[in-house]
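A structural walkthrough
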Amino acid sequence: EQGHPRLLPSPARFLVLLNPRGGTGKAFSLFETHVMPMLTEANAHFTLLVTERPNQARELVRERDLSAWDAIVVMSGDGLMFEVINGLMERPDWATTIKKPLSILPGGSGNALAASINHYSGHQQVTGTKLLTNCAFILCKGHPVPLDIVSLTTSSQQRIFSFLSLAWGFISDVDIESEKYRFMGYARFSVGTFVRLTALRTYRGRLSYLPAISSSEIRDTTADMKSSSADRTETRVLEDSLVVPLDQPVPSHWHTVEDQFVLVLALYQSHLGAEHFTAPMVKGPGEGNIHLFYANSRISRTSLIKLFIAMEKGTHLDQEIAHLIHVPVVAFRIEPSESTGIMTVDGEVIECSPIQGQIHRGLGHVLSL
Ligand code: ADP
Ligand code: MG
C-alpha cells in the first residue's frame, strides 16, 4: 500500500477557500461563528481566501506554490471541491500535489462529501450547523486518508476529475432545475424531486460497465500504472488503463445495457446529499469502487417515491425496488442517444454527450477520522 501521511504537523497550516455564494449565502458568517473558534482552540493557522467568481479557486490551486499549507480546506458545496481537484490535476506536478490533504466544510446546498466524511467518521447523519461542527472537528483532528478519484473523458477529449458522482436523467435534472429554489437551502432537492416526479422524463442510450468483481485483474493494472508513472518523474497525464478510446467499442468482457433510462447514477461516496444516504455500502473515501445505479422507464412513480423516501435513511436497498439496479463497477461508459438531457459531475453541469471513466483508488487524500 502507498504510505499516506499520518497526522498533519502541529500547528497545522490551512488554506481555506470559501465560496460566499454557496448554499443560501451564509458561508462566511458560519465560518466566523462556528469554525474560527475551533481552529483557534486547535492552535491551527489558516489563510482565508473568499472566492469572487467561479473558477478562481481552480486557477489558484493550479498556479500557486501550495507548499506553505498542510491541507486545502473548502468551505462551500461540492462544486468548489470539484474546482480544487480539477485545478490540482491540471498542474504539471499533479502526481505529487494531488496527495495534498483536502478537507470539506459544508457551506453549500449540495454537501455530499461533507455528509459522507461525517458518516465515515462515525457520526450520525446531521445537517446544517451540526454537520458543519462535526466537519470542523474532523479538520482539527487532521487525519488524512486515501480518497478515490474518477477520471472521466468526454467525446470532445476533455478530461474531468470527479470525487463524488456522475448523474444523467432524474438526479441531474433535479440538481440543476432546483437551482431556482436555492434560497430554500437543502429543501430545494425535495421540492425539485416532487416537481420532476410529476413530469417524469426518460432518456434513451447505452450504458456499459466493467464490474468490480474482476478486481484481481484490475489491481494488477493499477499497480503497473503506478510503477510506470513513478519512472517518469513528471508524467504528462494520468493513464486510464481500464478503458479504450470512446470511438471504439467497449472491451468484450464489459457489460452493456441499451435502454430508455429514467436515471443513471455513478456514485463513489456514501452520500449524494446531506440527506441522501444513497450508497450505504460505502464505508470510507478510498474503497476503489464506483456504485452504479440505474432504472429504466418501467420503474413506476410509486417506486421512485419509495426510493427517495427510503434513501434518506439508506434503507432503499433492503427492500426490492423493481427496475432499480445497483452494481459495483470500476469503469463505465454512458452514450446518450440525444444531447438534450442534463449530465452532472459532482453536481456541476457538463455537456450531455458520450462519456466514460474509471476509478483511481486512493489517488487523493481527504481528512477523515
Ligand atoms: P452549492 O452546493 O451551494 O451549489 P457549490 O460549492 O457547489 O455550492 O458552488 C456552486 C458554484 O459556485 C460552483 O460552480 C462554483 O464554481 C461557483 N462559485 C465559486 N465561487 C463563487 C463566487 N464567489 N460567486 C459565484 N459563484 C461562485
Ligand atoms: Mg453544487
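Residues numbered from 1 in each chain as written. Chains lettered and ligands numbered in written order. Predicted model: local features only at pLDDT ≥ 70, side-chain atom pairs only at ≥ 80, totals over all residues. Heavy atoms only, no water.

A word on the overall build of the chain. Counting secondary structure elements, the chain contains 10 helices and 14 strands. Against the globule reference of 21 Å for 369 residues, the chain gives a C-alpha radius of gyration of 20 Å, in line with a compact fold. On the principal axes, the C-alpha backbone points of the chain span a range of 55 × 50 × 35 Å. Sequence separation of 24 or more characterises 78% of the internal contacts of the chain that already satisfy a separation of 6 or more. (Helix = DSSP H or I, 4+ residues; strand = E, 2+ residues; numbered from the N terminus. Rg over C-alpha atoms; globule rule 2.2 N^0.38 Å. Contact = heavy atoms within 4.5 Å.)

Turning to the pairing of strand S5 (residues 144-154), a few remarks are in order. In terms of burial, S5 is a largely internal element, 10 of the 11 residues being buried. In this structure, S5 lies alongside strand S14 (residues 355-367), joined through 10 bridges in antiparallel fashion. Counted as the bridge partner of Leu152 is Gly357 from S14. Connecting S5 to the next strand, strand S6 (residues 159-162), in antiparallel fashion are 4 residues, including Gln157 with a positive phi near 70°. (Buried < 20%, exposed > 50% of the residue type's maximum accessible area, 1.4 Å probe, protein only. Pairing = 2+ DSSP bridges.)

What follows covers the packing of aromatic side chains. Tallying each qualifying case throughout the model produces 5 aromatic pairs. For the pair Phe31 and Phe46, a centre-to-centre distance of 5.6 Å together with 80° between the ring planes defines the contact as edge-to-face. With Phe31 in helix H1 (residues 27-41) and Phe46 in strand S2 (residues 45-50), this residue pair connects regions lying 15 residues apart in the sequence. Looking at Phe31, the relative accessible area reads 0%, which means it is buried. We classify Phe46 as partly exposed; its relative accessible area is 29%. Here the aromatic residues Trp168, Tyr203, Phe261 and Tyr294 are joined through ring pairs into a cluster of three or more. (Phe/Tyr/Trp six-rings, centres within 6.5 Å; stacked < 30°, edge-to-face > 60°.)

The next point concerns the site of ligand 1. In the neighbourhood of ligand 1, 21 residues make up the surrounding shell, with Gly23, Thr51, Ser76, Glu83 and Glu348 lying closest. With respect to ligand 1, the backbone of Arg53 contributes an N or O atom lying 3.3 Å from a nitrogen atom. Per-element tally for the shell around ligand 1: the top contributor is helix H3 (residues 78-89), with 4 residues. Residue classes in the shell around ligand 1 are distributed as 3 nonpolar, 10 polar and 8 charged. (Near = heavy atom within 4 Å. Polar contact = N/O pair within 3.5 Å; in protein donor to acceptor, adjacent residues only side chain to side chain. Nonpolar A, V, L, I, M, F, W, Y, C, P; charged D, E, K, R; others polar.)

This next bit is on the environment of Asn19. The topology assignment puts Asn19 in the loop between strand S1 (13-18) and H1. Expressed as a C-alpha distance, the spacing of Asn19 and Met184, which sit 165 residues apart in the sequence, is 18 Å. Excluding anything up to four places from it in sequence, Asn19 contacts Ala27, Thr51, Met75, Ser76 and Leu80. Of note is the side chain of Asn19, whose polar atom sits 3.3 Å from the side chain of Ser76.

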